[in-house]
Amino acid sequence: MTNSSTLKLPVYGMTCAGCATGLRSALNALEGIQAEVNFALEVAQISFDPEIDHKNTLNLIMSVLDQKGYQTDTETILLTAEGWNCANCANTTSKMLNAQTLVLNAQANLATEKVQVQTIKGALKKADIDTFSSLIPYSLSISSKQNFKAENALKIAKQKAADKKALLTITISILLSLPFLVNMVMMFFNNHISLLSPWLEFALATPVQFIIGARFYKGAWLSVKNYSTNMDVLVVLGTSSAYFYSLFLLFGGLNQPLYFESSAMVITLVTLGKYLEHRAKQSTTSAINALMALRPDTAKVKKGNIFVDVNIDQVQLGDLVQIAIGEKVAVDGLVIEGQSYLDESLLTGESKPVIKQHNDSVIAGSINGDGVLLIKTTAVGESTSLSKIISLVENAQMSKAPIMQLVDKISAIFVPVVLLIATITFLAWYLLTGDFQQALISAVAVLVIACPCALGLATPTAMVVGTGVAAQKGILIKDIDTLQKAHKLQTIIFDKTGTLTQGKGVINDIYSTTQNNTTLLSMLSALQTGSKHPIAHAIKNYCEKNAISPLEASEVQAISGQGIQGIVSGKGLVAGNISLMNHFAVKIPEGLLDKQKTTTGSIVYVAADGVFLGYVSVEDALRPESSEAIQQLQGRGLETIMLSGDKQSVVEHISQQLRMNKSFGELKPEQKLEKLTLLQNSKQVAMVGDGVNDAPALAQADVSIAMGTGSDVAKESASITLMRNDPRLVALAIDISKATWGKIQQNLFWAFIFNTVAIPAAALGYLNPAIAGGAMALSSITVLSNSLLLKRFKSHQVK
């Protein structure tokens with residue numbers, strides 16, 4: 001537990017002093033804390049009794065707030081860990097952090113060497129993190145997200161220095177162990193007669209044992225000191241047993257075989273394996289590193305009549321930023337001046353440069369092509385698309401599948417169980433055969449061949465590589481649960497507008513009962529001013545091109561899945577589909593209704609104070625990729641269904657064009673939800689949408705997929721976000737999910753099988769320690785290499 005004795009907890013939602021009194025009583029009922037609640041300041045001051053274990057106290061406090069309907073501020077701090085060697089190191093770190101007073105939850109990821117810590121906002125300071133570091137044999141530091149490039153450059157510099165030192169250490173270790181290897185080969189052809197003198201063996205093995213192997217002794221000592229065990233303990237026990245037994249024989253003048261070569265070869269092979277494992281782990285995070293490197297350190301901000309280089313963290317919303325030819329875009333923004341092609345491939349997966357001109361949006365991290373742009377800043381820092389992409393990918397890489405909970409439990413008891421097996425092996429051999437040497441060597445082989453690392457790396461490495469590959473192709477996967485479900489999907493449900501269609505409708509027909517189309521459009525556009533719906537865009541664009549000014553509107557309110565209403569020129573104006581007109585008892589001439597049943601445009605009816613005024617028909621063209629997207633999904637044996645709020649004739653027309661399995665029109669959001677829920681009774685269902693009215697269905701679906709330019713609500717509800725509006729990415733996302741989940745299963749199978757087969761083989765005397773050490777190193781490298789094969793994932797479906 002940390003030494004933190006008090007906590008200032010912000011509390012929101014209290015409406016009177018009685019609320020504060022009630023909350024104080026509820027908090028004080030918890031064991032080991034004393035609370036005072038200030039209603040005016042909206043703060044609870046909590047003192048912790050140092051004699052009580054407060055491992056779960058903060059979670060109990062959060063439960064009290066939740067039960068009473070109050071809220072507080074929480075934050076997630078990302079920590080970088082140094083010194084981890086195996087899965088047990090990561091588990092020890094998360095276990096220690098989860099035992100701290102001010103930590104709600106901590107999750108460690110061995111592959112990325114990161115720890116996510118959820119806490120009360122502002123509760124943990126750098127000093128607390130330093131205190132945490134002193135409790136474990138590893139170093140923890142706060143990972144700043146403000147300057148990705150600088151942090152990444154520092155990390156790379158540290159890695160290069162560490163790699164150079166490690167390579168030198170390995171080279172020395174190999175040179176000292178090489179005579180043992182040659183001698184072992186020669187002994188095979190020379191009646192097992194050693195060509196090395198015992199004292200030369202001692203001279204070669206000693207520096208390997210205590211200089212090259214110092215890291216294992218240090219790691220083992222720190223682990224044992226903290227009442228835990230890890231791979232270092234196994235290596236130290238195994239190699240020390242062989243070394244000191246040989247030393248006893250040498251100084252005792254006993255004419256018995258020595259095992260200096262076993263201790264030296266094991267340390268050399270394990271050290272080499274760890275180096276290769278480390279290099280492979282660096283490769284798994286290359287995608288996230290590439291994204292971090294996209295953000296420049298400075299931006300050219302307009303100050304008066306000149307442009308000044310400003311630190312990226314000092315750029316403000318509304319600042320005008322110049323992007324020169326070949327430069328990276330520093331912030332999200334809108335183009336004010338200029339025209340150029342931008343390379344957005346690393347952000348959206350779009351391989352071709354995209355033309356950007358006046359009023360077009362640009363994304364931080366894009367690379368400017370052949371023109372100079374002046375952009376107005378719309379998002380900075382953590383709010384930019386690049387920062388959100390990195391955050392989403394990092395969160396996905398930190399997530400754990402249910403199978404990982406089992407793996408963590410196994411890793412926690414793995415080393416003690418191996419020690420027990422090694423002890424039983426030694427006693428069984430010695431008691432049954434009386435051969436001390438064979439008993440010792442078999443026990444040593446058990447110690448050095450056991451590999452908890454392969455288990456710990458199996459899931460996170462595949463997850464890191466898989467989500468990285470997806471991000472490079474413009475697909476953001478939220479968590480591992482999505483991966484697990486995506487490859488089991490049977491039905492894909494699509495929204496129509498903005499998903500399968502371009503969402504850039506064009507008005508193709510206008511009808512006004514007064515024969516005055518301008519007045520009708522002035523009133524209609526008044527309601528659409530703040531709307532982002534594709535039909536609203538079509539109406540606004542038509543009015544702008546035809547110089548039709550919108551009237552003033554008030555009390556504007558969207559009616560989800562049906563339309564919009566408000567007050568215009570003192571009248572209650574409603575605009576939407578036939579369902580909305582029926583709701584407001586608006587009578588539409590029968591002739592018009594019959595005519596419109598066969599049209600392929602979306603009809604927006606307009607009425608004022610219950611009186612029908614006219615309608616506007618909006619035609620929305622299909623995306624050119626939609627037909628291929630549906631074919632790809634159906635080619636994988638998936639059922640495709642369209643659910644839309646548009647009229648049935650339009651929905652059926654598009655469904656026939658795309659050859660979809662089923663389609664349903666004129667649905668309200670709750671009806672979409674009902675259809676989806678009904679399908680879920682027998683099938684695994686994904687929902688693809690982009691609008692606010694899709695959010696309930698997206699939240700309910702087994703896997704939810706949002707288009708990148710869709711509403712924020714849709715993207716928040718989605719478990720997969722497509723960074724560009726290409727429905728073919730749905731099939732690609734499923735393919736990547738299937739490939740990644742397959743690698744996770746392969747890795748876990750290999751890790752479990754290796755330990756299941758190798759440990760008994762070593763116990764039965766079939767493996768000597770040197771071969772066992774090499775096999776142990778190979779198991780981790782095999783798991784990592786298998787995960788890295790995901791980088792070669794290619795699809796020829798989406799160009």
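Small disclaimer: the values here were computed from a predicted structure and weren't measured.

### What about the side chain of Ser 787?
Right, so step 1: Along the chain, the position of Ser 787 falls in helix α27 (residues 769-788).
Right, so step 2: Owing to a relative accessible area of 0%, Ser 787 belongs among the buried residues under this scheme.
Right, so step 3: A distance of 3.4 Å separates a polar atom in the side chain of Ser 787 from the backbone nitrogen of Ala 462.

### Digging into the packing of helix α26 (residues 729-763) against α27
Right, so step 1: Following both chains from N to C, one finds α26 and α27 inclined at 170°, their axes separated by 9 Å at the closest point. Considering the angle they form, α26 stands roughly antiparallel to α27. Taking contact as the criterion, the partners of Lys 743, Gln 746, Asn 747, Trp 750 and Phe 754 in α26 are, on α27, Ala 775, Met 776, Ser 779, Thr 782, Val 783, Asn 786 and Ser 787.

### A short note on the confidence of the model for the protein chain
Right, so step 1: On average, residues of the protein chain score 83 in pLDDT, and 89% of them are at 70 or above.
Right, so step 2: Within the protein chain, no element has a lower average pLDDT than helix α25 (residues 712-717), which sits at 59, and none a higher one than strand β18 (residues 491-494), at 95.

### Side note on the packing of aromatic side chains
Right, so step 1: Within this structure, the stated rule accounts for 18 aromatic pairs.
Right, so step 2: A centroid spacing of 6.4 Å and a plane angle of 55° characterise the contact between Tyr 605 and Phe 612, whose relative ring orientation is tilted.
Right, so step 3: A residue is classified by how much of its surface remains accessible, and Tyr 605, at 5% relative accessible area, is buried.
Right, so step 4: Here the aromatic rings of Trp 750 and Phe 754 are separated by 5.9 Å at their centres, their planes lie at 40°, and the arrangement is tilted. Here Trp 750 and its partner Phe 754 are both found in helix α26, four residues apart, which amounts to about one turn of the helix.
Right, so step 5: Taking the relative accessible area as the measure of exposure, Trp 750 reaches 32% and is therefore partly exposed.
Right, so step 6: Through successive ring pairs, a cluster of aromatic residues spans Trp 199, Phe 202, Phe 210, Tyr 217, Tyr 243, Phe 244, Phe 251 and Phe 260.
Right, so step 7: Lying over the aromatic face of Phe 664, Lys 675 brings its terminal NZ or CZ to 3.9 Å of the ring centre.

Here is what the cut-offs are and how they apply
Residues numbered from 1 in each chain as written. Predicted model: local features only at pLDDT ≥ 70, side-chain atom pairs only at ≥ 80, totals over all residues. Heavy atoms only, no water. Helix = DSSP H or I, 4+ residues; strand = E, 2+ residues; numbered from the N terminus. Buried < 20%, exposed > 50% of the residue type's maximum accessible area, 1.4 Å probe, protein only. Polar contact = N/O pair within 3.5 Å; in protein donor to acceptor, adjacent residues only side chain to side chain. Axes fitted to C-alpha atoms, helices over the stretch in contact; angles between N-to-C directions. Parallel < 35°, antiparallel > 145°, perpendicular 65-115°, else oblique. Contact = heavy atoms within 4.5 Å. pLDDT = per-residue confidence, 0-100. Phe/Tyr/Trp six-rings, centres within 6.5 Å; stacked < 30°, edge-to-face > 60°. Lys NZ or Arg CZ within 6 Å of the ring centre and 35° of its normal.

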